[in-house]
Amino acid sequence: MLCISSVSALETEGSQNALSPGESYLLSVWHHRLYLYSAAALLFGVWFLLKVALNKKSFSKDVGPLVSKAVKRSEGSDAVVHLSGVKIFYGSQTGTAKGFAKELSEEVKTLGIPAEVIDIKDYDPDDRLSDECTNMSVCVFLVATYTDGTPTVNAEWFCKWLEEASTDFRYGKTYLKGLRYAVFGLGNSVYVGHYNTVGKNVDKWLWMLSGLRIMTRGEGDCNVVKSRHGNIQADFLAWKVKFLTRLQALAKGEKKSCSRNSKNGSSCKNKKKEQEEDEAAPVPQDNSSEEDLMESSSDEEESGLQDEKTSGSVVDMEDLGNIMNSVKRAKSKEEGGDGLMVKLSKVNGLKKIEDEAERREMITPALRKALTKQGYKLIGSHSGVKLCRWTKSMLRGRGGCYKHTFYGIESHRCMETTPSLACANKCVFCWRHNTNPVGTEWRWKMDPAEKILEDALEKHQTMIRQFRGVPGVKPERYEEGLAVKHCALSLVGEPIMYPEINTFIRLLHTHHISSFLVTNAQFPEEIRSLVPVTQLYVSVDASTKDSLKRIDRPLFKDFWPRFLDSLRALGEKRQRTVYRLTLVKAWNVEEMQAYSELISLGQPDFIEVKGVTYCGDSPASTLTMANVPWHQEVVTFVQELADMLPQYEIACEHEHSNCLLIAHTKFKVEGEWWTWIDYERFQELVQAQEESGGQQGFSALDYMAKTPSWALFGATEQGFDPVDTRFQRRNKTKDISGC
């Protein structure tokens, strides 16, 4: 085999040597033809790829401008359709919601979006609301909650229609499908069980009719203590910023919207983004506590707890130790008595009970502006003083108030003040038009009693000095007026709410200033713990539970038991006590028997019966001049009431104030009335009691004084001091301020 292979190779080599060069080249090509085929395929592939790339580039140049134009045209047409405008509906009683609506309208217009403000009473939802589903507008509802969770007067019909439509099969569940809306409710959390009820209901009813909620419902709180941002104006501002951001997103065509699974408006698809914004923004601490007497429906619980559930319901294991250490530190601090309390909240976080430095001020900037405009001289963060019109009158020798007639005070030496502008009622006849804050307990920053009295005296004297040289002002009374002798704690609000009220009263007596304190009969324990005052009043504005609720509009749910217990507490006092009855025609003048029963409960020394004073139109009250009784009507009422009270008789009258005094017969000595007060004797008795540590007591009979004949009921003077000259105003607005 080896020999054969060698011979074959030699033959081949020999044959090649015999070929010409051309033949040799061709033979070589043939032998390497596989390499040639591969090179040709590679070249063809490169050529093909270059061809495809060039064609693609050419296609892009030709079609690109057309696509771009189409996109721009599409974007332009969508911008018109996305948002045609904003309609802002308001339901307002005092004008706050209306003001917010106008403010929001201006902000929306600055974005280049049309906006319209609509009084909800002028809008017919049956004919027009369904049109909002197709015109690409956004409807905003700013609605306030009024008494007992009812809508405001101008929103009554709209809410009634909406509620009925939401459950009426004739409309159907998709009646408002396509309606884009947002709701901001205005309320006050001190009204237990009714906070922002109207806003929640409007939001719910719109949702039930398939309305599309564009953002979470906002809630403004007039209660500065529990308001998330400090006051209702700040609450609205925070909501408004989010709304305008959402509006801009809608105008650009973003289609994110709230989930239809949320009935109460507290959950949205973009909730996470909003929470991140909330966390990034500094938010004042919520000062609400577990002890708050708040009732809530299921909707309220869902909306109230939603933020807590979504903000941090899961705690990492590495954070758990920090939380427990914080709890231990808080507990040790609490045991150490530093006054700072911390407790666990409903979620796995810590909830701190605010100390004094963290509490909010009672007077917000908006409230300060309103009260200052009304003539109040504000003191610190929760007190005020104002010059009574009877003080001005007596400086001129034109007569004093009914307290001068009934009890002998010198009206030009009386300072009308209060250490607490807050009140637990919102009476329909409140002459302050309910501009003062409300609350059921003290949750604000507190000023010391010494500072309040010092500033009150200074501001009062400053107002008196303005009368120096005024024509008609008697020089001797001007000088006397600079030295305050009486203090009427009845300016506004509930003075007894002030935690240091006893200290304040003692300071008054130290300055030899008598004290006349008025309370609204909602704080029985505070009445019991009150130190002796010159005269203690309880306002008895109605004699039945229903009428009291209708007239006083109290904040406490247990207002009637509190009212009755306050009367019992008054009966336990040994110093002078007074029932203060305000007659409102067609409201409470026909409850004679019920009044007599209340009088027997508290056994007051005196009963003042006064016709209500009309203070002008107020959106917070439906009171009119028709509710003001004539003086003769008040006299008739008092005579009938006195006939039902065996131990009481009519003692005095002040016709100018439309007021009469019924007194207990123990103040009628040997046929003569002793309703006036011996103020010097009272100061001696108070001082003796203080020095004895409370062991040496005294009663109302120990500091009474004889009543002058001109002050008695039936006298020709009708309670006007003959020393002064009566002045009749003609064709001028009557000044109705004063106590």
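Structure's up top.
Right, let's walk through the structure included here.

Rules behind the numbers
- Numbering of residues begins from 1 in every chain and follows the order in which that chain's sequence is written.
- Confidence filtering applies because this is a predicted model: local features only for residues at pLDDT of at least 70, side-chain atom pairs given and counted only at 80 or more, and all residues used for totals across whole chains, interfaces and linings.
- Calculation of side-chain values draws on the structure's entire complement of heavy atoms; hydrogens and water are dropped beforehand.
- In this text, helices come from DSSP runs of H or I with a minimum length of four residues, and strands from runs of E with a minimum of two, each type numbered from the N-terminal end.
- For the exposure calls, accessible area comes from a 1.4 Å probe over protein chains only, and a residue counts as buried if that area is under 20% of its type's maximum, exposed if over 50%, partly exposed in between.
- Contacts between residues were defined by any pair of non-hydrogen atoms, one from each residue, lying within 4.5 Å.
- To measure how exposed things are, a 1.4 Å probe is used in the Shrake-Rupley method; for residues, cover is taken only from the protein chains shown.
- Strands are treated as partners if at least two bridges between them are detected by DSSP.
- Orientation is described by axes fitted as lines to C-alpha atoms, over the contacting stretch for helices, and by angles from 0 to 180 degrees between their N-to-C directions.
- Any pair of Phe, Tyr and Trp rings, taking the six-membered ring for Trp, is counted once the centres come within 6.5 Å. Such a pair is stacked with planes under 30 degrees apart, edge-to-face with planes over 60 apart, and tilted for the rest.
- Should an angle lie under 35 degrees it is considered roughly parallel, over 145 roughly antiparallel, and from 65 to 115 roughly perpendicular; all remaining angles are considered oblique.
- Handedness of each helix crossing follows the sense of rotation of the near helix against the far helix: counterclockwise by less than a right angle gives left-handed, clockwise gives right-handed.
- Patches were defined on residues exceeding 30% relative accessible area and lacking a salt bridge, with like-charge contacts within 9 Å and nonpolar side-chain contacts (Val, Leu, Ile, Met, Phe, Trp, Tyr) within 5 Å.
- A pairing counts as a salt bridge when a side-chain nitrogen of Lys or Arg comes within 4 Å of a carboxyl oxygen of Asp or Glu.
- None of His or the chain ends enter the tally, which takes Lys and Arg as positive and Asp and Glu as negative.
- In plain terms, the charge of a residue is placed at NZ if it is Lys, CZ if Arg, CG if Asp and CD if Glu.
- Definition of a polar contact: a pair of N or O atoms within 3.5 Å, with one able to donate and the other able to accept a hydrogen when the atoms are protein atoms, and with sequence-neighbouring residues admitted only if both atoms are side-chain atoms.
- The classification used treats Ala, Val, Leu, Ile, Met, Phe, Trp, Tyr, Cys and Pro as nonpolar, Asp, Glu, Lys and Arg as charged, and all other residues, Gly among them, as polar.
- Residues grouped as a nonpolar core are buried Ala, Val, Leu, Ile, Met, Phe, Trp, Tyr and Cys residues, joined through side-chain atoms within 4.5 Å.

The next subject is the overall build of the chain. Looking only at helices and strands, the chain features 23 helices and 22 strands. Among the 739 residues that make up the chain, the fraction classed as buried is 49%. Relative to all contacts within the chain whose residues are 6 or more apart in sequence, the contacts with residues 24 or more apart total 77%. Carbon and sulfur atoms make up 54% of the accessible area of the chain, which amounts to about 36400 Å² in all.

On to the sheet that holds strand β18 (residues 659-664). Two pairing modes exist for strands in a sheet, parallel and antiparallel, and in both the strands are linked by backbone hydrogen bonds. Across the sheet, ten strands lie side by side as β9-β10-β11-β12-β13-β14-β15-β16-β18-β17; this open sheet has mixed pairing. Both outer strands of the open sheet, β9 (377-379) and β17 (648-654), are each paired with one neighbouring strand and no more. Ignoring which end each strand starts from, the neighbouring axes of this sheet average 25 degrees apart. Pairing of β9 with strand β10 (residues 383-386), which is carried by three bridges, proceeds in the antiparallel orientation. Bridge pairing links Lys 377 to Val 385 in β10.

On inspection of all chains with the given rule, the structure shows 28 aromatic pairs. Between the aromatic rings of Phe 100 and Phe 236, the centroid separation amounts to 4.2 Å while the plane-to-plane angle is 0 degrees, which identifies the pairing as stacked. In this pair, Phe 100 sits in helix α4 (residues 96-110) while Phe 236 sits in helix α8 (residues 232-251), placing the two residues 136 residues apart along the sequence. Each member of the pair, Phe 100 together with Phe 236, is buried.

Glancing now at the packing of helix α21 (residues 592-602) against helix α22 (residues 631-643). Where α21 meets α22, the closest approach of the two axes is 10 Å, and the angle between their N-to-C directions is 55 degrees. Between α21 and α22, the crossing angle belongs to the class labelled oblique. Where α21 crosses over α22, the two elements pack in a sense that is right-handed. Only Phe 637, Glu 640 and Leu 641 of α22 make contact with α21, whose side of the interface consists of Met 592, Tyr 595, Ser 596 and Ile 599.

On to the pairing of strand β3 (residues 137-144). Counted residue by residue, β3 has eight buried out of eight residues, so it is predominantly covered. Burial along β3 is two-sided: the residues Ser 137, Cys 139, Phe 141 and Val 143 and Val 138, Val 140, Leu 142 and Ala 144 are all buried. In this structure, strand β1 (residues 85-91) lies alongside β3, joined through seven bridges in parallel fashion. Bridged to Val 86 within β3 is Val 138. As judged from the seven bridges shared by β3 and strand β4 (residues 180-187), these two strands associate in the parallel manner. The residue of β4 that forms the bridge with Val 143 is Gly 185.

This brings us to a negative patch on the surface. Among the surface-exposed residues, Asp 124, Asp 126, Asp 127 and Asp 131 lie close enough to one another that they form a single negatively charged patch. Inspection of the secondary structure puts Asp 127 in helix α5 (residues 125-128). Under the relative-accessibility criterion, Asp 127 is labelled exposed at 52%.

What follows is about unusual backbone geometry. Even without being glycine, Met 136 reaches a positive phi, approximately 60 degrees. With a relative accessible area of 30%, Met 136 lands in the partly exposed category. Positive phi, close to 55 degrees, is recorded for Asn 658, a residue that is not glycine. Judged by its relative accessible area of 12%, Asn 658 is buried.

In terms of burial, helix α17 (residues 501-510) is a largely internal element, seven of the ten residues being buried. Residues Ile 501, Asn 502, Phe 504, Ile 505, Leu 507, Leu 508 and His 509 constitute the buried set of α17. Structurally, α17 contributes buried residues whose contacts are with α15 (449-465), β12 (486-489), β13 (514-519) and α23 (679-691). Phi turns positive, to about 60 degrees, at His 512, one or two residues after α17.

This brings us to the environment of His 382. Tracing the chain through its elements places His 382 in the loop between β9 and β10. When the C-alpha positions of His 382 and Lys 445 are compared, they lie 8.1 Å apart, and in sequence the two are 63 residues distant. In terms of polar contacts, His 382 uses its side chain to reach the side chain of Ser 383, at 3.1 Å. A polar atom in the side chain of His 382 sits 2.9 Å from the backbone nitrogen of Asp 447.

So, about the packing of α15 against α17. Closest axis-to-axis distance for the α15/α17 pair is 9 Å, and the angle between their directions is 45 degrees. As judged from the angle between their axes, α15 and α17 are oblique. Crossing handedness for the pair α15 and α17: right-handed. Taken together, the residues of α17 that come into contact with α15 (itself represented by Ala 449, Glu 450, Ile 452 and Leu 453) are Thr 503, Phe 504, Leu 507 and Leu 508. For the contact of α15 with α17, the per-class residue count stands at six nonpolar, one polar and one charged.

This part takes up the nonpolar core. Grouped together as the largest cluster of nonpolar side chains are 84 residues, with contacts concentrated most on Val 540, Phe 563, Leu 581, Ile 607, Val 609, Phe 637 and Leu 641. Among the nonpolar cores identified, the runner-up in size contains 29 residues, and Cys 388, Ile 409, Val 518 and Trp 673 belong to it.

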